[in-house]
Amino acid sequence: MVETSWASSEGVRRSMVANRGRDTGPELAVRRILHAEGLRYRVDFAPLGGRRRADIVFTRQRIAIFIDGCFWHGCPDHYTAPVRNGEFWADKVRSNMTRDAETTATISAAGWVVLRFWEHESAPDICDRIVESMERHPPARRPS
């Protein structure tokens, strides 16, 4: 039995299947620089447990970093809505943006610093901002 694809075309299907949930190019570029600076972190980690996972997490400093894709998260500079299945994609991206805001609020309310970046931002600039945040938020002391 042949199942029909959810995609509007074979090209769209191939493109969607190829999208990565983690270890994207922008994430890897940032992680390489952070690691070269001697910083150690968790990857694809849920700071509060559960399903909401940050791309890079410094657990001792309680800093959660998200590097959002321009298409999937509705970048104000680069997002363009697809013509085909436009209503579906508008709902999908709006839902992602709502979830992103809820995730940021939930993690922040638990005392974490949340940093969000766009995939189009330069990796060195992102790393500079992460290091600045780490300097402002030294590691939490462990209970004696």
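Just so you know, the residues in each chain are numbered from 1, in the order the chain's sequence is written. Local features in this predicted model are restricted to residues of pLDDT 70 or higher, and side-chain atom pairs are both shown and tallied only at a pLDDT of 80 or more, whereas totals for entire chains, interfaces and linings draw on every residue. Just so you know, side-chain values use all the structure's heavy atoms and leave hydrogens and water out.

1. Things to note about the overall build of the chain
Spelled out, the test is: Each helix is a run of DSSP H or I of at least 4 residues and each strand a run of E of at least 2, with the numbering of both proceeding from the N terminus. Relative accessibility under 20% of the residue-type maximum defines a buried residue, over 50% an exposed one, and the middle range a partly exposed one, all with a 1.4 Å probe and only protein chains included. For accessible areas, the Shrake-Rupley method is used with a probe of radius 1.4 Å. Any residue's cover is judged against the shown protein chains and nothing else.
Looking only at helices and strands, the chain features 5 helices and 4 strands. Starting at the N terminus and walking to the C terminus, you meet the elements of the chain as α-α-β-β-β-α-α-β-α. When each of the 144 residues of the chain is scored for burial, the buried share is 31%. Carbon and sulfur atoms provide 51% of the accessible area of the chain, an area that totals close to 9,400 Å².

2. Observations regarding helix α5 (residues 123–136)
The following threshold applies: Multiplying 1.5 Å by the residue count of a helix minus one yields the expected span of that helix. Directions are taken from the helix axis to each C-beta atom, and the arc is the one they span.
With 14 residues, α5 ought to run about 20 Å at 1.5 Å a step, and its terminal C-alpha atoms sit 20 Å apart, in line with that. Taken as a whole, α5 has its buried residues at Ala123, Ile126, Cys127, Ile130, Ser133 and Met134. In an axial view of α5, the angular spread of the buried residues amounts to 120°, which keeps them on one side of the axis. Away from its buried face, by an angle of more than 90 degrees, α5 presents the exposed residues Glu135 and Arg136.

3. As for the environment of Tyr79
To be explicit about the condition: The contact definition used throughout considers only heavy atoms, calling two residues in contact when any of these lie within 4.5 Å.
Mapping Tyr79 onto the fold places it in the loop between α3 (70–73) and α4 (86–109). For Tyr79, a relative accessible area of 23% puts it in the partly exposed group. Each C-alpha atom, one on Tyr79 and one on Val93, is 9.6 Å from the other, the two residues being 14 residues apart in sequence. Dropping the residues within four chain positions of it, Tyr79 is found in contact with Cys70, Phe71, Gly74, Trp89 and Val93.

4. Focus: the confidence of the model for the chain
Parts of the model with low pLDDT should not have their predicted coordinates read in detail. Inclusion rule: Per residue, pLDDT measures the predictor's confidence, with a range of 0 to 100.
Taken as a whole, the chain shows an average pLDDT of 88; of its residues, 83% reach a score of 70 or greater. Summarising per-element confidence for the chain, the mean pLDDT is lowest in helix α1 (residues 10–18) (61) and highest in strand β4 (residues 113–118) (98).

5. A short note on the pairing of strand β3 (residues 63–68)
Selection criterion: When DSSP finds at least two bridges between two strands, those strands are taken to pair.
Among the 6 residues that make up β3, 6 are buried, leaving the element largely enclosed by the rest of the structure. Residues Ile63, Ile65 and Ile67 point to one face of β3 and Ala64, Phe66 and Asp68 to the other, with burial holding for every one of them. Examined bridge by bridge, strand β2 (residues 54–58) and β3 share 3 bridges and lie antiparallel to one another. By the bridge assignment for β3, Val57 is matched with Ala64. Linkage of β2 to β3, two consecutive antiparallel strands, is achieved through a turn of 4 residues, within which Arg62 is found at a positive phi near 60°. Examined bridge by bridge, β3 and β4 share 6 bridges and lie parallel to one another. Its bridge partner lying in β4, Ile63 is registered against Val113.

6. Here's the deal with the sheet that holds strand β1 (residues 42–45)
In a beta sheet, neighbouring strands pair by backbone hydrogen bonds and run either parallel or antiparallel. Under the convention used in this document: Axes here refer to lines fitted to C-alpha atoms; in helices the fit is confined to the stretch in contact. Angles between the N-to-C directions go from 0 to 180 degrees.
The strand order across the open sheet built from 4 strands is β1-β2-β3-β4, with neighbouring strands paired in mixed fashion. The two strands at the open ends of the sheet, each matched to only one other strand, are β1 and β4. Direction aside, neighbouring strands of the sheet carry axes that sit 30° apart on average. Set on the sheet, helix α2 (residues 25–36) makes contact with β1, β2 and β3; between it and β2 the angle comes to about 15°. Against the sheet, α5 touches β2, β3 and β4, its axis set at about 170° to β4.

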